[in-house]
Amino acid sequence: MQVVTPLFHVLVFPGFLFLVAFGLFVSWVDRKLIAKFQNRVGPPILQPFADLIKLLAKEDIIPEHADRAMFAVAPLIALAGVVASIIYIPLWAPVALKAFSGDLIVVVYLLTLPAFALFLGGWYSANPFATIGATRVLSQLFGYEVPFFLACLGPAIAAGSWSISEITRAQDNGLWLISAAPLSFAVAMIALIGKLERVPFDIPHAKTEIVTGPEVEYTGRRLAVWKLAFLSETIVGAALIAALFLGGPHMWGLPYQAMPAWLTAIVGMVVLAVKILLIVFFLSLAQAAMARIRIEQMVQWCLLWLGIPALINMGVIAFVIRQVGA
Amino acid sequence: MAKLSFPVGPQHPALKEPENLRFTVDGELVVDADIRIGYVHRSIERSCSERNYVQDMYLCERVCGICSNAHTLCYAMTCEKLADIEVPERAQYIRMLMHEFERIHSHLLWLGVAGHEVGFETLFMYVWRDREIIQDILEMVSGNRGHYAMTTLGGVRYDITPEMADRIREGLKVLRQRAERYADIATTEATFLKRASGVGVASGEVCRSLGAAGPTARGSGVPFDIRTAFPYLKYHTVEWQVRTSELCDVLGRTLVRVLEVIDACDICLQALDIMPEGDIQARFPRKVPEGEAIARVEAQRGELIYYIRSDGSDVPARVKIRTPTLANLPVSLEMLRGGQIADIPIAFASIDPCFSCTDRMVVLDDAHTGEARQMTWPELVKLGRQR
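In this report, we go over the structure that sits alongside the text. Computed from a predicted model, the values in this text were never measured in an experiment. (Residues numbered from 1 in each chain as written. Chains lettered and ligands numbered in written order. Predicted model: local features only at pLDDT ≥ 70, side-chain atom pairs only at ≥ 80, totals over all residues.)

1. Quick look at the overall build of chain A
Helix and strand counts for chain A stand at twelve helices and zero strands. Mapped from its N terminus to its C terminus, chain A presents α and β elements in the order α-α-α-α-α-α-α-α-α-α-α-α. Here the C-alpha atoms of chain A give a radius of gyration of 20 Å, agreeing with the 20 Å that 2.2 N^0.38 yields for 326 residues. Along the longest, intermediate and shortest principal axes, the C-alpha atoms of chain A span 65 × 45 × 45 Å. A total of 326 residues make up chain A; the buried ones form 50% of that total. Long-range pairs, those at least 24 residues apart, make up 81% of the contacts in chain A between residues at least 6 apart in sequence. (Helix = DSSP H or I, 4+ residues; strand = E, 2+ residues; numbered from the N terminus. Rg over C-alpha atoms; globule rule 2.2 N^0.38 Å. Buried ≥ 20, exposed ≤ 12 C-beta atoms within 10 Å, placed from the backbone. Contact = placed C-beta atoms within 7 Å.)

2. Comments concerning the interface of chain B and chain A
Put simply, an interface is often sized by how much accessible area is lost when its parts join up. If you look at the interface, chain B gives 26 residues, while chain A gives 25 residues. Breaking the side of chain B that touches chain A down by element, the ones donating at least two residues are strand E1 (4-8), helix H4 (89-117), helix H5 (121-142), helix H7 (190-196) and helix H13 (344-349) of chain B. The dominant element in the side of chain B that touches chain A, judged by the number of residues it contributes, is H5(B), at five residues.

3. Observations regarding the environment of Ser139(A)
Residues and elements named next belong to chain A. For Ser139, the position within the fold is in helix H6 (residues 128-159). Expressed as a C-alpha distance, the spacing of Ser139 and Ile295, which sit 156 residues apart in the sequence, is 7.4 Å. Here Ser139 is in contact with Ile295 and Val299, once residues within four sequence places are set aside.

4. Focus on the environment of Val316(A)
All names here are of chain A. Mapped onto the elements of the fold, Val316 is located in helix H12 (residues 295-325). Exposure remark for Val316: the 17 C-beta atoms within 10 Å place this residue in the partly exposed category. Sequence spacing of Val316 and Ala158 is 158 residues, and the spatial spacing of their C-alpha atoms is 10.0 Å.

5. Considering the sheet that holds strand E2 (residues 20-26) of chain B
All names here are of chain B. Judged by pairing direction, the sheet is antiparallel, and its three strands sit side by side in the order E1-E2-E3 without closing on themselves. Where the open sheet ends on each side, the last strands, each with one partner, are E1 and strand E3 (29-36). Neighbouring strand axes in the sheet, compared pairwise and without regard to direction, differ in orientation by 25° on average. As paired strands, E1 and E2 are joined by five bridges and run antiparallel to one another. (Pairing = 2+ DSSP bridges. Axes fitted to C-alpha atoms, helices over the stretch in contact; angles between N-to-C directions.)

6. A short note on the nonpolar core
Ranked by internal contacts, the top residues of the largest apolar core, which has 179 residues, are Ile89(A) and Ala239(A). No other element matches the 18 residues that helix H10 (residues 220-245) of chain A contributes to this core. Formed by 30 residues, the second largest nonpolar core is a distinct cluster that contains Cys48(B), Tyr53(B), Met77(B) and Val297(B). (Core = buried A, V, L, I, M, F, W, Y, C linked by C-beta atoms within 7 Å.)

7. Remarks on the sheet that holds strand E7 (residues 302-310) of chain B
Residue and element names in this part refer to chain B. One open sheet accounts for three strands, arranged E6-E7-E8; its pairing is antiparallel. One side of each edge strand has no neighbouring strand; the edge strands of this open sheet are strand E6 (291-299) and strand E8 (316-322). For this sheet, the mean inter-axis angle between neighbouring strands, taken without regard to orientation, is 15°. On top of the sheet, helix H12 (residues 324-336) reaches E6, E7 and E8; it is set at about 130° to E7, its chief contact.

8. Focus: the environment of Met269(A)
All names here are of chain A. By secondary structure assignment, the location of Met269 is in helix H11 (residues 261-289). Given 16 C-beta atoms within a 10 Å radius, Met269 is considered partly exposed. Between the C-alpha atom of Met269 and that of Cys152, which follows or precedes it by 117 residues, the distance is 22 Å. Apart from residues lying up to four places away in sequence, Met269 is in contact with Leu91, Trp92 and Pro249.

9. Section: helix H5 (residues 103-123) of chain A
In this model, H5(A) (21 residues) spans 30 Å end to end at C-alpha, consistent with the 30 Å of a helix rising 1.5 Å per residue. Its axis deflected by about 25° at Leu113(A), H5(A) carries its strongest bend there, up to four residues before the proline Pro114(A). (Expected span 1.5 Å × (residues − 1). Bend = angle between axes of the 7 residues up to and from the residue.)

10. Let's talk about unusual backbone geometry
In most cases, non-glycine residues show a negative phi, while peptide bonds are predominantly trans. In the segment running from Val199(A) into Pro200(A), the intervening peptide bond is cis, with an omega of 5°. With respect to the helices and strands, Pro200(A) occurs in the loop between helix H8 (182-196) and helix H9 (207-210). Of note in the backbone geometry, Thr212(A) takes a positive phi value of approximately 65° without being a glycine. If you trace the backbone, Thr212(A) turns up in the loop between H9 and H10. The buried category is assigned to Thr212(A), around which 21 C-beta atoms lie within 10 Å. Despite not being glycine, Asp84(B) has its phi angle at roughly 60°, a positive value. One can find Asp84(B) in the loop between helix H3 (68-83) and H4.

11. Brief notes about the pairing of E6(B)
All names here are of chain B. With nine bridges joining them, E6 and E7 adopt antiparallel strand pairing. Pairing of Ile294 across the sheet is with Tyr307, part of E7. The turn linking E6 back onto E7 is made up of two residues.

12. Digging into the packing of H5(A) against H10(A)
Residue and element names in this part refer to chain A. For the pair H5 and H10, interaxial distance at closest approach is 10 Å and the crossing angle is 155°. When the axis of H5 is compared with that of H10, the two are roughly antiparallel. The way H5 lies across H10 gives a crossing that is left-handed. Each of Val107, Leu111 and Pro114 in H5 lies in contact with H10, whose residues at this interface are Ala229, Phe230, Glu233, Val236, Gly237 and Leu240. Of the residues assigned to the contact of H5 with H10, the class counts are seven nonpolar, one polar and one charged. (Parallel < 35°, antiparallel > 145°, perpendicular 65-115°, else oblique. Left-handed = near helix turned anticlockwise from the far one by under 90°. Nonpolar A, V, L, I, M, F, W, Y, C, P; charged D, E, K, R; others polar.)

Spelled out as structure tokens, the structure:
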């Protein structure tokens, strides 16, 4: 049992299978929303699933001059990092499956893995498009990663803990931390666009410029793993923001105390799913409303307009806590 | 980072037709650019001197899928000069209407593609949705959405009835409003401005010295338009102006094109009102007198020139086509050099390139001396059919 339970958590729920299933659904919502914004019909609900099956069935090619080991391992590292991080994020109750003081840092670190894996996969593909895309991945990382981390520190300082579960539990009284850290919330949302490499920050992929960049040599099931990694990262990233700023599974007016435990869990999951979909709605809206900007514009803009507001918000929270505490 | 050779094409998502651009890049900077054309050569010029004047009409229509009407128009004008035929007034107005309809559809198509090149998919979808209005008009008038086959030697093939005219007016009014909206988006949308403003710069001087044509030159403040410089059809009877922009970048070219859509709507609306009644075709002889003639029209991409030499038979001795993309390629390389990799698609697309019209072929006997040789027709046929 001691081996089976963690395996179940990683592979089935809330890990791999759950992430994939929910990720495919969210991806459909995303595509449908963008289609509606663009005055199109959009795909049927099973389309993302069909795309996945199709990719899995396709021929798997490793370029002759690529580094075989790095090329093969990179997408798996990305997916593994994301799937592992969900364990520390509260999904149905204010407390996650596993929690310890400092798991926020672990999750932020694990969510950076896909970017590094993408860089390595692209760099070792031995393709000029992939090489340029890989360097763009790293340049972009400097643009969004620092503001994202600073933005996550806002609620951490406000709640006085480095554990996501602790931070979520601190919001159980109905006082969501978005009220204390509105700027941090905005920064985290925009940095998430950069993390997920979506328009206007889809610079490393940029299909009309560098033909999907680091992924250009990937085919078949390896490409499918990349797609799954970024799908899962969408879910985990959105769930992390919901947990830090929007009270996670908490919703005002719901009598959690009066419910049996199993009902609380289901209601909590539904509430969180709605919050994730709202965040995805924002991502889709941004994608439909904007053009892709250039890498140097992105880094400059992010450090200025994301970094500084996140710092200011953090400073204000720290100052207020110091005053109240003293 | 070491300098990298970076190919774009012959197969690349940014290109709609096969062509090979070679870049030397240093990180994200483009150090040098070179182009190789010749992937879609179809020996249309040579084929023209194997067919009679009427058959060539069909061939010239197929030089380009987007400016097909400009090609037949220019070809017919050249033939009419050779045969000294006067085209009826009404036919000239209908030709002008078709010419401007095609400009509207082509510029809107380009605007959508420009949105796609900078990752602004919503602009692409909206513009192409609105482009359907002009496509419906074209279909109503000619029966076709592309390759309209409207022009014929000595006139046009179909008349525009009063009911059609009313529906055209309705459609154009909507389109004019939409074009104004897009002009507004192009000048105010922050992310689009970031990608268009100051990108792909070519000064007016560079454009003049490298012989740029059409909106590419006008976007750099060169007020050259065949419609006013060498008037043809009935452009002198309607009120409009040559649009230029002093911005010299992608944004300038975008604005020129969008404003030209608005102008084209105005030209058409005026032309529909002042069009006289009458014949739409003059009789054209089977054989054309000996001689040579040249005609030029302002196609949507720039100046289009046809040269035809006749030996007195029913088959032209030589047809020479100079398409606007060939004129714009040198200046496009100038735009790309010193820019960034991210700007390659939009900067190159800003000349609205069309490669299948541009490709020409020279057979070299000796690659070192550059001595050229004429291919015979059977040789060409064999080359075209071999696998």
